[in-house]
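Listed below are the residues making up each chain.
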Amino acid sequence: MGLDFTVVWEGLPYLLLGALVTIEVTVIALVLGSIIGLLAGLARLSKNRYLAGLAAIYVAFVRGTPLLVQLFILYFGLPQMGVKLPAFLCGVIGLSIYSGSYISEIVRGAIQSIDRGQTEAARSLGFSPAQTMRLVVLPQAFLRMLPPLGNEFIALIKNSSLVSLLTIQDLMRAGQRIISITFRSFEVYIAVAVLYFLLTYTMSVITRRMEQALRIQ
Amino acid sequence: MIRVEGLEKSFGRLKVLKGVTLEVEPGEVATIIGPSGSGKSTLLRCINLLEEADAGAIYFEGERVDRRWVNGQWTRPPERAIDLYRSQVGMVFQNFNLFGHWTVLENIIMAPIHVLKKPRAEAVAVAKVLLAKVGLADKADAYPHQLSGGQKQRVAIARALAMEPKAMLFDEPTSALDPELVGEVLTVMKRLANEGMTMIVVTHEMNFAKDVADTVYVMDEGEIIEHGTPDTIFTNPVKERTRTFLRQVLLRE
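This structure is a prediction, so every number in the text was calculated from the model and none was measured.

1. Some thoughts on the overall build of chain A
- Along the backbone of chain A there are eight helices and zero strands.
- Traced from its N-terminal end to its C-terminal end, chain A shows the element sequence α-α-α-α-α-α-α-α.
- The dimensions of chain A, computed from C-alpha atoms along their principal axes, are 75 × 50 × 20 Å.
- Per-residue burial for chain A yields a buried fraction of 46% across its 217 residues.

Now the structure itself:
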């Protein structure tokens with residue numbers, strides 16, 4: 001059986017539509033995941049032991065279980081408990097919680113890597129703990145977060161392909177739909193891979209640009 | 001102005017301060033000298049509440065500023081009161097601790113703007129005067145990593161002065177500097193002392209202690225073993241341990 005890439009060409013509008021959904025899911029999860037990650041990261045460093053413990057449990061549990069299982073709990077499990085959420089919402093929530101756990105570790109590590117002298121100098125000038133974190137520590141920690149955040153966002157794009165199993169019409173599912181009609185698995189999956197690569201590559205370029213722009217002269 | 005009474009501090013089983021008492025009057029320059037590991041820096045850090053003492057008391061202008069043990073638990077002054085106290089007592093660190101993401105000017109104006117709620121224009125005007133005073137008027141837009149150690153420390157002094165502190169604490173301000181850069185920092189500190197600033201200076205610079213200090217405290221093994229005018233301490237110390245320490249230091253120089 002020879003290769004026939006015309007099916008890819010014909011299916012391209014459909015694939016691009018799927019890619020758009022993938023971008024949508026990823027961007028929302030990226031924003032929500034970053035917020036969750038920042039809050040959980042700060043919570044883990046909090047002096048409040050209950051808050052720190054809660055955040056530690058969250059990270060341990062979410063990182064220690066497969067994303068697919070988490071998504072299935074949200075989409076197939078919760079309705080049994082009377083909570084029926086739309087597939088798209090389940091996908092976004094699942095991805096956000098999952099990437100948030102990794103981002104919280106990035107946030108925590110970056111904050112801890114900032115020299116204690118920075119905090120001490122700020123406190124000695126009369127900055128409150130919150131001001132010290134917001135004005136002095138986080139801006140410097142953010143620079144150190146960027147490279148690992150870039151990796152995390154790329155992982156997020158790739159992981160988002162799992163939401164196709166919740167019937168969300170993303171890039172992955174669009175490819176599968178085309179295959180179910182054309183039976184051209186090889187060509188279509190190659191095309192899907194290329195499109196995913198274009199997305200992740202764009203993401204890596206964006207984060208690299210940000211790094212360069214924010215680095216102090 | 002600053003009174004320390006019977007201060008004790010342990011790190012694990014190591015007792016670093018064993019009941020330190022000292023009092024600094026307004027306008028007084030007190031230096032604390034002594035061998036490494038004698039607890040000098042810890043004392044200074046306790047005064048600025050960067051470390052919390054286990055026992056004893058710290059008063060600033062008659063007000064208790066550190067935590068106290070009441071009815072089986074630690075009671076601290078309100079957070080705002082602590083921030084206010086710190087804003088009135090400037091601290092200069094051995095490693096400068098300039099904020100790396102801000103320019104020299106921003107390092108100096110941010111605390112006045114965010115803590116004292118000064119208008120930016122006013123903070124900038126004050127910062128420029130202070131930068132001129134420490135001889136760095138042309139470095140306002142530089143970033144800390146572009147400066148030498150001596151320049152960094154002078155910026156750190158200007159940053160502390162921008163809060164218009166009533167007293168200044170110096171924690172071995174020249175120990176991290178190359179020898180040729182020590183002089184420029186000491187000059188700034190001397191000028192500050194001559195202007196009547198209340199200062200507590202932990203230092204290894206015996207000449208500074210001799211020339212500038214009103215009182216010299218000698219610390220060893222977590223205690224102040226003696227104190228007095230520079231004349232007494234350097235020419236006629238009472239304690240044998242002081243003599244040994246001074247002999248060792250002078251031999252090194």
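Continuing now.
2. Examining unusual backbone geometry
- Positive phi outside glycine occurs at Leu49 of chain B, with the angle close to 65°.
- The topology assignment puts Leu49 of chain B in the loop between helix 1 (40–47) and strand 4 (55–60).

3. Observations concerning the sheet that holds strand 2 (residues 14–24) of chain B
Residues and elements named next belong to chain B.
- The antiparallel open sheet is built from four strands, whose spatial order is 2-1-4-5. Single-partner strands in this sheet number two, and they are strand 2 and strand 5 (63–64).
- Note: strand 1 (residues 2–11) against strand 2, eight bridges, orientation antiparallel. Looking across to strand 2, one finds that Lys9 is bridged to Leu17.

4. Re the interface of chain B and chain A
- Facing 28 residues of chain B, the contacting portion of chain A comprises 21 residues.
- Between chain B and chain A, roughly 2,000 Å² of surface is buried when both sides are summed, and carbon and sulfur atoms account for 58% of that area.
- Summed over the shared surface of chain B and chain A, the result is three salt bridges.
- A salt bridge links Asp83 of chain B to Arg123 of chain A, with the nearest nitrogen and oxygen atoms 3.4 Å apart.

5. Description of the environment of Asp171 of chain B
All names here are of chain B.
- With respect to the secondary-structure elements, Asp171 resides in strand 9 (residues 167–171).
- Between the alpha carbons of Asp171 and Lys133 there is a distance of 21 Å; along the sequence they are 38 residues apart.
- In terms of polar contacts, Asp171 uses its side chain to reach the side chain of Ser41, at 2.6 Å.

6. A closer look at the packing of aromatic side chains
- Here the structure, examined in full by the defined rule, presents seven aromatic pairs over all chains.
- Residues Phe99 of chain B and Trp102 of chain B carry aromatic rings whose centres are separated by 5.3 Å and whose planes lie at 85° to one another, so their mutual orientation is edge-to-face. In terms of burial, Phe99 of chain B and Trp102 of chain B fall into one category: buried.
- Joined through ring pairs, the aromatic side chains of Phe72, Tyr75 and Phe76 of chain A make up one cluster.
- Sitting over the ring of Tyr59 of chain B, Arg3 of chain B keeps its end group 4.5 Å from the ring centre.
- Looking at Arg67 of chain B, its charged tip hangs above the ring of Trp74 of chain B, at a distance of 3.7 Å from the centre.

The rules behind the values
- Residues numbered from 1 in each chain as written.
- Chains lettered and ligands numbered in written order.
- Predicted model: local features only at pLDDT ≥ 70, side-chain atom pairs only at ≥ 80, totals over all residues.
- Heavy atoms only, no water.
- Helix = DSSP H or I, 4+ residues; strand = E, 2+ residues; numbered from the N terminus.
- Buried < 20%, exposed > 50% of the residue type's maximum accessible area, 1.4 Å probe, protein only.
- Pairing = 2+ DSSP bridges.
- Contact = heavy atoms within 4.5 Å.
- Buried area = accessible area lost by both parts, 1.4 Å probe.
- Salt bridge = Lys/Arg side-chain N within 4 Å of Asp/Glu carboxyl O.
- Polar contact = N/O pair within 3.5 Å; in protein donor to acceptor, adjacent residues only side chain to side chain.
- Phe/Tyr/Trp six-rings, centres within 6.5 Å; stacked < 30°, edge-to-face > 60°.
- Lys NZ or Arg CZ within 6 Å of the ring centre and 35° of its normal.

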